[in-house]
Amino acid sequence: MHADPRYGAEVLRRFRELPGAGEVLGDEGVIRARADAADDGACVVLSLRTARGVVVEARFRAYGCPYFIAAASWLTERLRGASRNELAEWDWREAADALEIPPSRFGRLITLQDAARAAAAAWPGEIAAAV
Amino acid sequence: METIYLDSAATTPVDPRVAEEMLACMGPAADFANASSVSHGPGRRASARIEAARSAVAALAGAAPEQIVWTSGATEANNLAIFGAARFHRSKGAHIVTSRTEHPSVLDPCRRLEREGFEVSYLRPGPDGIVEPPQVEAALRADTILVSLMHVNNETGVIQDVGEVGRVCRARGVLLHVDAAQSAGKLGLDVVRDRIDLLAVTAHKLNGPKGVGALCVRREPRLGLVPLLYGGGQERGLRSGTLPTHQIAGFGAACRIAAAEMTEEAARVTHLRNRLWSALSTLPGILLNGSEHRRAPGILNVSIPGVEGESLLLALSDLAVSSGSACATLRGEPSYVLRALGRSEQLAQGSLRISLGRYTTADDVERAAMRIRAEVGRLRAIAPPMAAAAG
């Protein structure tokens, strides 16, 4: 893949290497949460393994633009060690800042926030969110 | 890794033989003079080069040299044809017929004319991208003055039956304008046989220079146009401005080369395009956009469900290809051409236009097919199940 000045280095690295892509296997302590963008078909599935009240493993599947895929990858690392409350309160602007995502693409990041909140709602012991 | 250029429908590199012709008009010892300055030798030599090029462009269109009006490209030629004909013939009527899949250089002038009081019918092609001549005939009214239809679509490569549309228009006394930017030099053109009144062509799609094109205007009977530019009265008053001798000479050379090599080159490029489609067609769910059989040699347009266009373009950054995705269009919307063919927004987003040209090799095509298959597989592997099946 060639360098492309429209995307930052970290977006390009994550898009190229896709760290965190895939699914957490098994069922015990595993949350799966999906969110779909209303307009452009972008969607993400987060799968998180929880233990001792925090996320211990996180993976993603995503369909969307390179920024969206890179942000989903970034989120899987950000969520490791997060509690249910941190998950519920996670704000998409964190990913926007970390990856220097242009404002025109902010709308898609809200879909990631929706997925994080759906995962919080599906936390073991909470009401399960549909995937 | 070197980029494989597969965007010949966007533009083509200047053929070295064309560049040589252009250089002969550019140095201090070259034929650089103003072609209007026929009172001295250098001016007359520049003028001779212009006229030789005029003959070459005319020959490619099956026209007479005096029918050619130089422009800055197909956009200006389309604008001159549409504005010029509509405004000149307004006393006869104010209705225009075109299609929804025309180039913006046709659609935008039509929209502008609507604001001037003209009425425009935008025909919807079938799912194969073809506007059938009976559709055109049915859209004609007593006050229709102009039909504008492209010969080859710049996104899908679909070929319209402009000959039959020309017959329909001529029988009803309606002018026919054809945007031939994608077909000139690749398919046979004959404005007399096909009863085309106005034909727009450009140099840079046939390995000529950017910044020069032509409008071929019917002479018998004489067709009136209102000019867009006023000034020195060049081009019989239809297009004022000093003629760019080097660009026009290059355009002429490009037309001579294209005419001489068209049959062989069309067969070679068609063969490569078919090989590419053969290699891609086994990708699950892939769809060919536009008619499989009525298409220009070098253009292949596919939609690939389960991959988003911008991501696919970035993943394929070692291939110079185009996409119908919103990020790839200046207007920030998915391809209106593919949407007019009935493709969903997601399929328009996940589309690729791969266009081959004079310098495309079999190795380019094989490597491109391999790269596209690999990246589609990689992106589909990370897509949520429903997205991978979407379309």
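All values derive from a computational prediction rather than experimental measurement. For every chain, the first residue of the written sequence is number 1, and numbering continues from 1 onward in sequence order. Labels are handed out in written order, letters beginning with A for the chains and numbers beginning with 1 for the ligands. Local features in a predicted model are, by the rule used here, given only for residues with pLDDT of at least 70; side-chain atom pairs are given and counted only at 80 or more, and totals for whole chains, interfaces and linings are based on all residues.

### Structural notes on the overall build of chain A
Counting its regular elements, chain A contains 5 helices and 3 strands. When the elements of chain A are put in sequence order from the N terminus, they spell out α-β-β-β-α-α-α-α. The atom set for the radius of gyration is the C-alpha atoms, and the globule formula is 2.2 Å times the number of residues raised to the power 0.38. The C-alpha radius of gyration computed for chain A amounts to 14 Å, which stays within 12% of the reference 14 Å derived for 131 residues, consistent with globular compactness. A residue is called partly exposed when the number of other C-beta atoms within 10 Å of its own lies between 12 and 20, exposed at 12 or fewer, and buried at 20 or more, with C-beta atoms placed from the backbone. Per-residue burial over chain A gives 46% buried out of 131 residues. For the purposes of this entry, the term helix denotes a DSSP run of H or I that reaches at least four residues, the term strand denotes a run of E that reaches at least two, and both are numbered from the N terminus.

### Notes on the sheet that holds strand E8 (residues 213-217) of chain B
All names here are of chain B. Read across the open sheet, the 7 strands follow the order E2-E8-E7-E6-E5-E3-E4; overall the sheet is mixed. Every interior strand has two partners, whereas the edge strands, strand E2 (68-71) and strand E4 (119-123), have only one. Direction aside, neighbouring strands of the sheet carry axes that sit 20° apart on average. For strand E3 (residues 95-99) and E4, the ladder comprises 5 bridges, and the chain directions are parallel. When the bridges of E4 are listed, Ile 96 appears paired with Val 120. Note that contacts rest on C-beta atoms placed from the backbone: two residues are in contact if these are within 7 Å. Orientation is described by lines fitted to C-alpha atoms, with helices fitted over the stretch in contact, and by angles between N-to-C directions that extend from 0 to 180 degrees. Across the face of the sheet, helix H3 (residues 74-88) comes into contact with E2, E3, strand E5 (144-150), strand E6 (175-179), strand E7 (198-202) and E8 while running at roughly 165° to E7. In the packing of helix H6 (residues 162-172) onto the sheet, the strands contacted are E5 and E6, and the crossing angle to E6 comes to about 160°. DSSP bridges decide pairing: two strands pair if at least two such bridges lie between them.

### Here's the deal with the interface of chain A and chain B
Interface size is commonly expressed as the accessible area that is lost once the parts come together. Taken residue by residue, the interface counts 17 residues in chain A and 14 residues in chain B. Mapped onto the side of chain A that touches chain B, the elements with two or more residues apiece are strand E2 (43-51), strand E3 (54-63) and helix H2 (66-78) of chain A. The dominant element in the side of chain A that touches chain B, judged by the number of residues it contributes, is E3 of chain A, at 3 residues. Residues that form the side of chain A that touches chain B fall into these classes: 11 nonpolar, 3 polar and 3 charged. Each residue is assigned to one class: nonpolar for Ala, Val, Leu, Ile, Met, Phe, Trp, Tyr, Cys and Pro, charged for Asp, Glu, Lys and Arg, and polar for all the others, Gly among them.

### Details of the sheet that holds strand E9 (residues 287-288) of chain B
Residue and element names in this part refer to chain B. Within the open sheet, the 4 strands sit side by side as E9-E10-E13-E12. Their pairing is antiparallel. Both outer strands of the open sheet, E9 and strand E12 (322-323), are each paired with one neighbouring strand and no more. Of the pairings in the sheet, the one linking E9 to strand E10 (residues 299-303) comprises 2 bridges and is antiparallel in character. Following the sheet pairing, Leu 288 is matched in E10 by Val 302. Where helix H7 (residues 245-280) meets the sheet, it contacts E9, E10 and strand E13 (351-355), and its direction lies at approximately 15° from that of E10.

### Here we look at unusual backbone geometry
Only a minority of non-glycine residues have a phi that is not negative, and only a minority of peptide bonds are not trans. Cis peptide bonds are those with omega within 30 degrees of zero, and the linkage from Glu 220 of chain B to Pro 221 of chain B qualifies with -10°. Structurally, the position occupied by Pro 221 of chain B is in the loop between E8 and H7. A positive phi angle, near 50°, is found at Arg 52 of chain A, a position not held by glycine. Relative to the elements of secondary structure, Arg 52 of chain A occurs in the loop between E2 and E3. You can call Arg 52 of chain A exposed: it has 6 C-beta atoms within 10 Å. One non-glycine residue, Asn 207 of chain B, lies in positive phi territory at about 65°.

### As for the environment of Arg 172 of chain B
Tracing the backbone through its elements, the reader meets Arg 172 of chain B in helix H6. You can call Arg 172 of chain B partly exposed: it has 14 C-beta atoms within 10 Å.

### Focus on helix H1 (residues 16-23) of chain B
Residues and elements named next belong to chain B. For H1, the complete set of buried residues consists of Val 18, Glu 21 and Met 22. Along H1, the residues classed as buried sweep out an arc of 100° about the axis, all on the same side. For H1, exposure combined with an orientation more than 90 degrees from the buried face picks out Pro 16 and Glu 20. Residues of H1 that are buried sit in contact with H7. The directions considered for the arc are those from the helix axis to the C-beta atoms.

### Describing the packing of helix H2 (residues 41-61) of chain B against H7 of chain B
Residue and element names in this part refer to chain B. Between H2 and H7, whose axes approach to 8 Å, the crossing angle comes to 35°. The interaxial crossing formed by H2 with H7 has left-handed handedness. Counting all contacts with H2, which are made through Ala 46, Arg 49, Ile 50, Ala 52, Ala 53, Ala 56, Val 57, Ala 59 and Leu 60, the residues of H7 involved are Thr 245, Ile 248, Ala 249, Phe 251, Gly 252, Cys 255, Arg 256, Ala 258 and Ala 259. In a left-handed crossing the near helix is turned counterclockwise from the far helix by less than a right angle, and in a right-handed crossing that turn is clockwise.

### Description of the domain arrangement of chain B
All names here are of chain B. A domain assignment, automatic or from a database, supplies the domain bounds used here. Assigned domains of chain B: these are domain 1 (4-10 + 262-389) and domain 2 (16-257). Computed from C-alpha coordinates alone, the two centres of domain 1 and domain 2 are separated by 29 Å. Counting residues at the interface gives 23 residues for domain 1, matched by 22 residues for domain 2. Taken together, the elements giving at least two residues each to the side of domain 1 that touches domain 2 come down to H7, E10 and helix H9 (336-340).

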